[in-house]
Amino acid sequence: MSTSAGLVIPCKAAVAWEAGKPLVIEQVEVAPPQAMEVRIKIKYTSLCRTDLHFWEAKGNTQLFPRIFGHEAAGIVESVGEGVKDLDVGDHVLPVFTGECGECGHCKSEESNMCDLLRINATRGVMLADGNSRFSLKGKPINHFLGTSTFSEYTVVHSGCVVKINPLAPLDKVCILSCGISTGLGSIFNVAKPKKGSSVAVFGLGAVGLAAAEGARIAGASRIIGVDRSSKRFDEAKKFGVNEFLNLKEHDRPIQEVIAEITNGGVDRSIECTGNIDNMISAFECVHDGWGVAVLVGVPNKDAVFMTKPINVLNERTLKGTFFGNYKPRSDLPSVVDMYMNKKLELEKFITHHVPFSEINTAFELMLKGQGLRCIINMEA
């Protein structure tokens, strides 16, 4: 038993009080975990564009005050009633989507979209009782994606907590709890390119580069990076990208350019921007007969995807993926092991480090488009 089990823990957290305003380091109180919940001491967290998106709250439901953060790694401090497979001291990744193990999706080998613990960006409370585990001077603070890792301690549903190898460096594997795994999984679990194949990756941010890294590991011989910024091309070479297309430099649909330079189209394509035009291009640029396009980026909810039916009839396949089709608790430990076995390089995704006291610097870097992942040391 933890000496703090069952007690309220006072700790520091970065609280967002208003949309787009700097986070404020506050002394909050974190309640004990309830049934099927786990309280985690966060050691390292990183900033993902999803945090930025909801912090800016442009076109989104504004839910403030709130503690953001969902890419992190930590150690279990205490567990609530009914939690059987996690113990105090376990090294874990909290994940924004879960695996209850009981619903149809969890029991299916073909889905990772848990009915109970699927991502919900508008919920600011815990499922067990509809209350927040965070408070400040007696007033509740909203959760974010069920994780809220911009806090020294957080409470997460046990179905969203992944037990990992205790030897794995938490300041590296923390980035596997969202974007990097999404990109890798889009290749390994969905696109499944054969050795020697060609792959086009639309969007060379962290997720797109993770997809390129996955294509490189899978043995793709031709990895074409498609982006609107040539500044990203040099960095993309580190991830296996060996050809580049700048969308701004072509006055015809990029799918036509890709079809021309690949003799009919690429074998696989991965779309990581959420831009509808890019999604259409990613589908239409794959080779007829066997080409597979995978949509990873999240579009506006009202956006409409349009293409000619003949593109489907000519045996092109369009797939979508959520979190790279990984079941978090079942599958992420093996991704951590890939890193531990030196089959996956995570260091090249990590471009900046800041102490928790300077967390707003991470937001400034992302707003300026600088770097890929900024690691935030919660104990500095």
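Just above, that's the structure.
Residues numbered from 1 in each chain as written. Predicted model: local features only at pLDDT ≥ 70, side-chain atom pairs only at ≥ 80, totals over all residues. Heavy atoms only, no water.

Chemist: For the nonpolar core, give the residues involved together with the corresponding values.
Modeler: Membership of the largest hydrophobic core comes to 105 residues, with the highest contact counts inside it found for Leu93, Phe150, Val173, Leu176, Ile180 and Ile270. The greatest single-element share of this core, amounting to six residues, is contributed by helix H5 (residues 206-218). Sequence-distant contacts of Leu176, defined by excluding residues within four places in its chain, comprise Leu93, Ser181, Phe323, Leu332, Val335, Val336, Leu344 and Leu346. Counting 15 residues, the second largest nonpolar core, distinct from the first, contains Val226, Leu247, Phe283 and Val286. (Core = buried A, V, L, I, M, F, W, Y, C linked by side-chain atoms within 4.5 Å. Buried < 20%, exposed > 50% of the residue type's maximum accessible area, 1.4 Å probe, protein only. Helix = DSSP H or I, 4+ residues; strand = E, 2+ residues; numbered from the N terminus. Contact = heavy atoms within 4.5 Å.)

Chemist: How would you summarise the environment of Met338 if you had to cite specific residues and measurements?
Modeler: Its location among the elements puts Met338 in helix H10 (residues 328-340). What makes Met338 buried here is its relative accessible area of 19%. Once you skip the residues sitting within four places of it in the chain, Met338 turns out to touch Phe188, Ile217, Lys343 and Leu344.

Chemist: Quick rundown of the side chain of Ser181? Include the residues and the values.
Modeler: Inspection of the secondary structure puts Ser181 in helix H4 (residues 179-191). You can call Ser181 buried: its relative accessible area is 0%. Beyond its immediate chain neighbours, meaning those up to four positions away, Ser181 contacts Leu176, Phe323, Gly324, Tyr326, Leu332 and Val335.

Chemist: Explain the sheet that holds strand E12 (residues 243-246) to me, and be specific about the residues and the numbers.
Modeler: Hydrogen bonding along the main chain pairs the strands of a sheet, whether they run parallel or antiparallel. The six strands lie next to each other as E12-E11-E10-E13-E14-E15, forming an open sheet whose pairing is parallel. Two strands close off the open sheet at either side, each with one partner strand: E12 and strand E15 (317-320). Between one strand and the next, the sheet's axes are offset by a mean angle of 15°, whatever the strand orientation. Pairing between strand E10 (residues 198-202) and strand E11 (residues 222-227): five bridges, direction parallel. Bridge pairing in E11 links Val199 to Ile223. (Pairing = 2+ DSSP bridges. Axes fitted to C-alpha atoms, helices over the stretch in contact; angles between N-to-C directions.)

Chemist: Help me get a handle on the sheet that holds strand E7 (residues 139-141), residues and values and all.
Modeler: If you walk across this open sheet you meet the four strands as E1-E2-E6-E7, and the pairing is antiparallel. The sheet is open, and its two borders are formed by strand E1 (9-15) and E7, each paired with just one other strand. Strand-to-strand twist across the sheet, computed as the mean angle between neighbouring axes with direction ignored, equals 50°. Two strands pair when backbone bridges link them, and E1 and strand E2 (residues 24-30) are joined in this way by seven bridges, in the antiparallel orientation.

Chemist: So what's going on with unusual backbone geometry? Which residues, and what values?
Modeler: Residue Phe64 is joined to Pro65 through a cis peptide bond whose omega torsion reads -5°. In this fold, Pro65 is placed in the loop between helix H1 (49-56) and strand E4 (71-79). A positive phi angle is found at Leu145, which is not glycine, with a value near 55°. Inspection of the secondary structure puts Leu145 in the loop between E7 and strand E8 (153-157).

Chemist: Explain the packing of aromatic side chains to me, and be specific about the residues and the numbers.
Modeler: Applying the stated criterion to the full structure yields 11 aromatic pairs. Ring geometry for Phe54 against Phe144: centres 5.7 Å apart, planes inclined by 55°, an arrangement best described as tilted. Placement of the pair is Phe54 in helix H1 and Phe144 in the loop between E7 and E8, with a sequence separation of 90 residues. Between Phe68 and Phe144 the ring centres are 4.8 Å apart and the planes differ by 65°, which places this aromatic pair in the edge-to-face class. With Phe68 in the loop between H1 and E4 and Phe144 in the loop between E7 and E8, this residue pair connects regions lying 76 residues apart in the sequence. The same class applies to Phe68 and to Phe144, which are both buried. Pairwise contacts between aromatic rings join Phe54, Phe64, Phe68 and Phe144 into one cluster. (Phe/Tyr/Trp six-rings, centres within 6.5 Å; stacked < 30°, edge-to-face > 60°.)

Chemist: Got a sec to walk through the packing of H4 against H5? Specific residues and values, please.
Modeler: Running from N to C, H4 and H5 cross one another at 40°; their axes reach a closest spacing of 7 Å. What the angle tells us is that H4 and H5 run oblique. Along this stretch, H4 crosses H5, giving a crossing that reads as right-handed. Residues Gly179, Ile180, Thr182, Gly183, Leu184, Ser186, Ile187 and Phe188 of H4 touch H5, and the partners they reach there are Ala206, Val207, Ala210, Ala211, Glu213, Gly214, Ala215, Ile217 and Ala218. Of the residues that constitute the contact of H4 with H5, the class distribution is 11 nonpolar, five polar and one charged. (Parallel < 35°, antiparallel > 145°, perpendicular 65-115°, else oblique. Left-handed = near helix turned anticlockwise from the far one by under 90°. Nonpolar A, V, L, I, M, F, W, Y, C, P; charged D, E, K, R; others polar.)

Chemist: With reference to specific residues and values, describe the pattern of salt bridges.
Modeler: All told, the structure shown has 20 salt bridges when counted by the stated rule. Close ionic contact of Lys58 with Glu56 constitutes a salt bridge, the shortest N to O distance being 3.8 Å. Relative accessible area serves as the criterion here: at 61%, Lys58 is assigned to the exposed category. By relative accessible area, which is 25% here, Glu56 ends up partly exposed. We note a salt bridge from Lys348 to Glu345, for which the minimum N-O separation is 3.8 Å. Salt bridges sharing partners connect three or more residues here, namely Glu213, Arg216, Glu345 and Lys348. (Salt bridge = Lys/Arg side-chain N within 4 Å of Asp/Glu carboxyl O.)

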